[in-house]
Amino acid sequence: MNQQFELFKIANPCIGLCQSNKKGYCFGCLRSRTERQLWHDMTTEQQREVLRLIAGRKLRIEQMKQRKDEQLGFDFEEISEIGELF
């Protein structure tokens, strides 16, 4: 495999919202506790892998939210009509 020369460091994905869920994943950056602790010691390739994992976590969260909205079955544009009943 060819090694690519890195011109820039990969930015830390931290957004300053540092709170973890029960499993240790940060609500802000979606990294695990270990990924947060070891970020500065990781190779560029390892950091890229963490970013790939974060993207997958974001996608799963969005899919869960979408399924939840579909299960509720609410069409929020119809809510204005409810007010006319009272």
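Residues numbered from 1 in each chain as written. Predicted model: local features only at pLDDT ≥ 70, side-chain atom pairs only at ≥ 80, totals over all residues. Heavy atoms only, no water.

A. Examining the overall build of the protein more closely. A count of helical and extended segments in the protein gives three helices and zero strands. Walking the protein from its N terminus toward its C terminus, one meets helices and strands in the order α-α-α. The buried share of the protein, taken over its 86 residues, is 19%. Counted over contacts in the protein with a minimum sequence separation of 6, partners at least 24 positions apart contribute 35%. As presented, the protein carries roughly 7,800 Å² of accessible surface, and 54% of it is formed by carbon and sulfur atoms. (Helix = DSSP H or I, 4+ residues; strand = E, 2+ residues; numbered from the N terminus. Buried < 20%, exposed > 50% of the residue type's maximum accessible area, 1.4 Å probe, protein only. Contact = heavy atoms within 4.5 Å. Areas by Shrake-Rupley, 256 points an atom, 1.4 Å probe, with all protein chains shown as cover.)

B. Inspection of a nonpolar patch on the surface at higher detail. On the surface, Ile-15, Leu-17 and Phe-27 cluster together into a nonpolar patch covering about 330 Å² of accessible area. By secondary structure assignment, the location of Leu-17 is in the segment before helix H1 (33-38). (Patch = residues over 30% accessible without salt bridge, like charges linked within 9 Å, V, L, I, M, F, W, Y side chains within 5 Å. Salt bridge = Lys/Arg side-chain N within 4 Å of Asp/Glu carboxyl O.)

C. Region of interest: the pattern of salt bridges. Counted by the stated rule, this structure contains two salt bridges. Among the ionic pairs, Arg-57 bridges to Glu-35, the shortest N-O distance being 2.8 Å. Residue Arg-57 is found in helix H2 (residues 44-72), and its partner Glu-35 is found in helix H1; the two are separated by 22 residues along the sequence. With respect to burial, Arg-57 and Glu-35 carry one shared label: buried. Note that Glu-49 is salt-bridged to Arg-52, the shortest N-O span being 2.6 Å. With Glu-49 and Arg-52 both in helix H2 and three residues apart, the pair spans about one turn of that helix.

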